[in-house]
Amino acid sequence: MASQTVVGPSGPESPFAVGINEPLPAPQLLLLGLQNVFGMTGMFVFPGLLGRSFNLPADQIAHLYGVTFIVCGIATILQSVLLLRLPVVQGPYAGSFAALLAVGHLEANGLGAAYGSFFVASLIWCALTVPIRGHSAIGFFARFLRTPIIAGMTVMLIMLQIANVALPNWIGLPNSPGFPLINLVAGAVAVAVIIVLTLWGSAGLRRGAILIGLALGTLLYAVFRPVALGAVAGAPWLVVPRAFPFGFDVRADLVLIFLLTLIPAGMGSMALYQTVAEWGREPVSPGRMSEGIFGVAIGSVIAGIFGGFSTIVYPDNIGMLRATRVGTRYATLAAGILLIVLGGCIKFDMLLVVVPLPVLSAAATLLFGIVFMHGVHILARVEWDDRRLIVAGLAFLVGLGGLFITPEALQSMPLFVRLFLQQPVISGGLTLVVLHSLLCPVD
């Protein structure tokens, strides 16, 4: 059931035509749920990249895909209707993927040590986020995100963190089948269709814009580069999650690394909770944010046990809310249920992966850009002075600059320092919070 555009008691008009707590007919929820699944670029990238990096057999790579879907589905359901109660989708976190990849190559039993240490770090993180009477240790950070400069800069740093899976994957590599022209053209078609339907399509077309754009982009790509279905035919039907499939080992230094990876993901999620809440004119207390982060932590513990990734609110799915103007949390509930169902059926998982990576990445480029500019929009509320210019400028360039440190320089540094510098949400976010506390304590 559609509603009139919501106008809050103060502030600009909500971009949602369907409010956060409003239901929709089941067919529309199914369409929106599928669209959200297709928008989770990391879902189709990270498991395959991790598996192939370690030369895992096909059944273990299939297991990675299945567990990734299931973990994200559980976390999304917790956020949609049980804990946070906002329309957010939890997808695999790029920082978690990067840490597992780096740590896993340290020794012979690298993945066993990586996942064992990740599991222990997730237990610690879960304990820190347990909400007691509406409060938790992580709730302390929620007050920072009510400051526009920190909320806006955190959203922008998240975009920096994951920008490498957008345009670079759209273009591809010289040895990829469609490089560069087919990749660019197929992706451009997907982006153009999404833009046209979003701006000028009817309500129904606007809600299916992402799916339609991906479908047409894939069809064009397949005209020049046939899409292989052999992986789908050879995959098993069902996946049965196995506890610690790569073995179990724990190292204290690795636990600290993973804990520092989980903290910025929580901070980034809270910034995006605030973004969605503002769009939907929905008040979100620090206690409610704590419940949301507790849901994320539960997902991380499950991922550590069965071999998945920690999760973060996916910016491209947040972009979909703005593009479709549908903010109902029942659509993300549908996405969570679909993720669990699809996670149990590896053939269907692999069928989704058939969508060419350049087409998915092109759509992600558009949606990431929408969310990045919302961070800019938040910063427009800041009353800029020399102190705030120093805080924002230094934090942004520390986060950005870490991505351009030469491989030779990085190899000379300890693993802990390398991971810190190459994750803008950690390096830039920590710089931001510390400088703001020192220079702008009255905000």
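What counts, and at which threshold
- Residues numbered from 1 in each chain as written.
- Predicted model: local features only at pLDDT ≥ 70, side-chain atom pairs only at ≥ 80, totals over all residues.
- Heavy atoms only, no water.
- 1 Å grid on protein atoms, 1.4 Å probe; cavity = no way out; pocket = protein on both sides within 12 Å on 5 of 7 lines; lining within 4 Å.
- Points joined across faces, edges and corners; volume = space filled by probe spheres on them.
- Helix = DSSP H or I, 4+ residues; strand = E, 2+ residues; numbered from the N terminus.
- Nonpolar A, V, L, I, M, F, W, Y, C, P; charged D, E, K, R; others polar.
- Salt bridge = Lys/Arg side-chain N within 4 Å of Asp/Glu carboxyl O.
- Buried < 20%, exposed > 50% of the residue type's maximum accessible area, 1.4 Å probe, protein only.
- Disulfide = S-S within 2.5 Å.
- Contact = heavy atoms within 4.5 Å.

1. Remarks on empty space enclosed by the protein
To locate leftover empty space, one rolls a probe as large as a water molecule over the atoms. Per the stated rule, a full pass over the model turns up four cavities of 30 Å³ or more. Every residue lining the second largest cavity is listed: Leu32, Gln35, Asn36, Met320, Leu321, Thr324, Val326, Gly327, Thr328, Ala331 and Thr332. Of all the elements in the fold, those that place two or more residues in the lining of the second largest cavity are α1 (26–38), α15 (315–324) and α16 (329–343). When the residues that make up the lining of the second largest cavity are grouped by side-chain class, the tally is five nonpolar, six polar and no charged.

2. As for the pattern of salt bridges
The full count for this structure, using the stated rule, is five salt bridges. Arg85 is the salt-bridge partner of Glu291, the closest N and O atoms lying 3.7 Å from each other. Note that Glu291 is positioned in helix α14 (residues 286–306) and Arg85 in the loop between α3 (58–82) and β1 (90–92), a separation of 206 residues in sequence. By relative accessible area, Glu291 is classed as partly exposed at 25%. Between Arg288 and Glu282 there is a salt bridge whose closest N-O contact spans 3.2 Å. Residue Glu282 is classed as buried on the basis of its relative accessible area of 18%.

3. A look at the state of the cysteines
Taken as a whole and assessed by the stated rule, the structure comprises zero disulfides. The thiol of Cys72 is not disulfide-bonded; the next cysteine sulfur, from Cys126, is found 16 Å away. A relative accessible area of 1% places Cys72 in the buried class.

4. Here's the deal with unusual backbone geometry
Omega for the peptide link from Phe179 to Pro180 comes to -20°, which places this bond in the cis form. Mapping Pro180 onto the fold places it in the loop between α8 (167–171) and α9 (181–200). Of note in this structure, Asn55 is not a glycine but carries a positive phi near 55°. Mapped onto the elements of the fold, Asn55 is located in the loop between α2 (41–53) and α3. Here Asn55 falls in the exposed class, since its relative accessible area comes to 68%. Positioned with a positive phi, Arg85 is a non-glycine residue whose angle comes to about 65°. Among the residues examined, Arg85 registers a relative accessible area of 29% and is labelled partly exposed.

5. Here's the deal with the side chain of Thr275
Checked against the element boundaries, Thr275 lands in helix α13 (residues 252–279). In this structure Thr275 comes out as buried when scored by relative accessible area, which is 1%. Those residues in contact with Thr275, other than ones at most four positions away along the chain, are Val155, His374 and Ile378.

Geometric descriptors of this kind do not, in isolation, establish any biological role.
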